[in-house]
Every structure is written in structure tokens, then in C-alpha cells.
Amino acid sequence: MYYIDEDKSINYSDADYYIKAFCSSELNRLKKLDDYYKNKNQKIRMRTFDDASKPNNKLYHSFADYIVTTNTAVFLGSPVTYSSDTEDITEYLNILNTADEEGENIKIATACAEYGYGIQLLYLDKEGVLKFHTFDNKEVILIYSNSIEKNLIYAVRFWTVTTVDNIQTNYVEIYSKESIRKYRNGSLIEETANIFTDIPIVVYENNDIKRGDFENIVSLIDAYDYIESDTINEQDYFN
């Protein structure tokens, strides 16, 4: 997370600075958590022996996925329901149903369990219907004010598109309270006014320190991978 003065505006050059800082620090943590969630446990996957002839079995245990899936199912196994004793909320419920609020809640809860926080975009589709979209945490940088409230004032989304000819195009979007700006290879290609009264990004925090559900036991997952892999290694070596 990054902090700036609340009245400071950022341009593409500023966004590029934050992207580079994010890629050299926070992105490594997010990629590691994503690897473990997808059962690509880093420690055992990268292990090598000086003697290449020795057995080097690599057993991956998907505890991270199990924890995330179980916690999300317990949390949202029964969908969130809404009611009001004083107001007719039919129109509100219609908006949520059209936006697939139940499905997006699952995505948000999964991101919170995996990364420690989830990022959701509010937008209008071509028909002017309100929709939700859950961003990939690895593609979004959150910038807060350095005031006591620490309000979210900017979100920078970045991604790369590679064609079959191996030509890469870099895209950057800057979300603010006033507008959404989209850049392609450093050039502004689109700017639209933000119709909402605040930045159209909602951040859901898993806890006060934005820590994922399995993040504290990654070392235990590694240890279990090693123990089981070494057991098979010894058996293979004996055989």
C-alpha cells in the first residue's frame, strides 16, 4: 500500500513509479501466495541436489487451497440476504441480482482468504446497468491518503497483452474520484468521467493487517512437503 497527500494528483509518470515499486516488493508476496493457493509450492518446487543422480521427488500438498476453499464455504455457504422493515428494497435487490452479487461475493471472499484483501470495481455496462468486477490483486496498486482517515484516493491497474507475434502492449488505468484514465504504451487513449461520488473501487480487508488465511503457515506447508518428498526419496534410493 502507498500513501500520498490527499490533494496530490498523479499522472502516468507517477503511476509508472508506483508500478515499478509494486513489482519489486508487494507483487512477490502476492505471487507466492497465489502459487501456494494453486498448489505450486515454491520451496519444494525449486529444490535441487548437487548430485543430479539422487532421487528428487517433489510432492505438493494443497493445504492452502483447502484452507481458502473451506473458509470461504463456511463464510458464504449461505448467501447474504437483505431485508428492510421500513423501505421497499425490490429495486435494490434487482440491481444486486443483475450484477451477480452472490458470485462476486465468493470471488471477493476467496481473494481475502488468499491475499488478505479483495478489490472490487463498480461500473456501468453499455446498457447503463450497474455491475461488479473483482480485480486480480496482482494487477492493482492501491494508493491512500496519508491523513488520519487513510482514504483510498487512487487505484492503478496495469497489465500486458502479448500477441501471437510476441508483440507486447502495456496498459495502465488510473481510477480516481474524478475520472478513469486509460493509457496504452504510455499514451493516453481514453479518459471518462467518474459518475460515482467517490472512487469506484471497494477494498475488502480480511483483517487489520491484510493477511491471508494460510499465510502464517506457509513454512509448515513447506516442511510437510519436504518430509513427504524425502520419505519417497529414501524409498527410491533404497530400491
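Being a predicted model, the structure only gives us computed values, none of them experimental.

Each value, and the rule that gives it
- Residues numbered from 1 in each chain as written.
- Predicted model: local features only at pLDDT ≥ 70, side-chain atom pairs only at ≥ 80, totals over all residues.
- Heavy atoms only, no water.
- Salt bridge = Lys/Arg side-chain N within 4 Å of Asp/Glu carboxyl O.
- Buried < 20%, exposed > 50% of the residue type's maximum accessible area, 1.4 Å probe, protein only.
- Helix = DSSP H or I, 4+ residues; strand = E, 2+ residues; numbered from the N terminus.
- Core = buried A, V, L, I, M, F, W, Y, C linked by side-chain atoms within 4.5 Å.
- Contact = heavy atoms within 4.5 Å.
- Expected span 1.5 Å × (residues − 1).
- Pairing = 2+ DSSP bridges.
- Axes fitted to C-alpha atoms, helices over the stretch in contact; angles between N-to-C directions.

Draft legend 1. Focus on the pattern of salt bridges. Using the criterion set out here, one finds 13 salt bridges in the structure. Across the pair lysine 131 and aspartate 125 runs a salt bridge, and its minimum N-O distance is 3.3 Å. Lysine 131 sits in the partly exposed class, given a relative accessible area of 21%. Among the salt bridges present, the one from arginine 157 reaches glutamate 173, with a minimum N-O distance of 3.4 Å. Of this pair, arginine 157 sits in strand E5 (residues 152-162) while glutamate 173 sits in strand E6 (residues 168-175), placing them 16 residues apart in sequence. Here the salt bridges do not stand alone but share partners, grouping Asp34, Lys38, Asp136 and Lys138 into one network.

Draft legend 2. Molecular detail of the nonpolar core. Counting residues in hydrophobic clusters, the biggest one holds 42 residues, and the most contacted among them are Ile141, Ile143 and Ile201. Tallying contributions element by element places E5 first for this core, with six residues. With sequence-adjacent residues up to four places away left out, isoleucine 141 is seen in contact with Tyr2, Tyr18, Ile19, Phe22, Tyr154, Ala155, Val156 and Phe158.

Draft legend 3. The arrangement of helix H4 (residues 63-76) in detail. Over its 14 residues, H4 extends 20 Å from the first C-alpha to the last, a length consistent with the 20 Å expected when each residue adds 1.5 Å. On its buried face, H4 is in contact with helix H2 (26-37), helix H6 (101-115) and helix H7 (218-238).

Draft legend 4. Representation of the sheet that holds E6 in the model. Ordered by their spatial adjacency, six strands build an open sheet running E1-E4-E5-E6-E7-E8, and the pairing between neighbours is mixed. Across the chains shown, the open sheet's two edge strands, defined by having one partner strand only, are strand E1 (2-4) and strand E8 (187-193). Within the sheet, the average angular offset between the axes of one strand and its neighbour, ignoring direction, is 20 degrees. Taken together, the six bridges between strand E7 (residues 179-184) and E8 define a ladder with antiparallel strand orientation. In the sheet register, tyrosine 183 faces E8, and the bridge partner there is leucine 188.

Draft legend 5. Main features of the side chain of serine 229. Looking at where serine 229 falls in the secondary structure, it is placed in helix H7. Judged by its relative accessible area of 0%, serine 229 is buried. What serine 229 contacts, discounting residues up to four positions off in sequence, is Ile44, Arg47, Asn57, Lys58 and Leu59.

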